[in-house]
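Structure at a glance
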Amino acid sequence: MKMNLILWRHAEAEAQADDMARWLTSRGQKQAARMASWLTERLPTEARIIASQAVRARQTAAALNPNHLVDARLNPGASVADYLAVAQWPDAGGTVVLVGHQPSLGKLAASLLAGLEAEWSVKKGGIWWLQYRLRDGASQTVLKTILTPEQV
């Protein structure tokens, strides 16, 4: 069994007092479009795209799929356990893209790859692509790629 989990940090957003209402900047829109184009070429059509309720996360996800899902458990301040529950990691199989926020995404990557919730940084608009697999009866989490919009 395999499962792909793509952690996608929202692209650059404007500064605003209401954190949940922050819109992407023009640079952020370009970052989201660039990464979405790269992902479109590589994702299966049945991939699930799930974003937090924050406007900037929904706008980032919409660059990939306007019909993405939204889940409050991915909102700013969410725990690693919340993210894992939304993804249904690793039992769901298939491919899931979670569009969320720092520091949750970095903590999730650290937890899955190193077994601890360290303060790892996911760049704005960047992705970390992880894969769960069974190899010789042992479960493994494999880092497939780390990519920023500037690298695309």
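Residues numbered from 1 in each chain as written. Predicted model: local features only at pLDDT ≥ 70, side-chain atom pairs only at ≥ 80, totals over all residues. Heavy atoms only, no water.

**Concerning the sheet that holds strand β4 (residues 94–100)**
Read across the sheet, six strands follow the order β3-β2-β4-β1-β5-β6 without closing on themselves; strand pairing throughout is mixed. Each end of this open sheet is capped by a strand with a single partner; those strands are β3 (69–70) and β6 (138–147). In terms of strand pairing, strand β1 (residues 2–9) meets strand β5 (residues 127–135) through seven bridges, oriented antiparallel. Note on β5: the bridge partner recorded for Met3 is Tyr132. (Pairing = 2+ DSSP bridges. Helix = DSSP H or I, 4+ residues; strand = E, 2+ residues; numbered from the N terminus.)

**A short note on the pattern of salt bridges**
Across all of its chains, the model carries seven salt bridges by this definition. Of the charged contacts, one joins Glu41 and Arg42 as a salt bridge, the two residues approaching to 3.4 Å between their closest N and O atoms. Judged by relative accessible area, which is 38%, Arg42 ranks as partly exposed. Here Asp71 ties to Arg73 by a salt bridge, and the two come within 2.8 Å at their closest N and O atoms. A residue is classified by how much of its surface remains accessible, and Asp71, at 17% relative accessible area, is buried. With relative accessibility at 39%, the residue Arg73 sits in the partly exposed group. Look at the salt bridges and you will find they share partners, linking Glu12, Arg27 and Glu150 into a network. (Salt bridge = Lys/Arg side-chain N within 4 Å of Asp/Glu carboxyl O. Buried < 20%, exposed > 50% of the residue type's maximum accessible area, 1.4 Å probe, protein only.)

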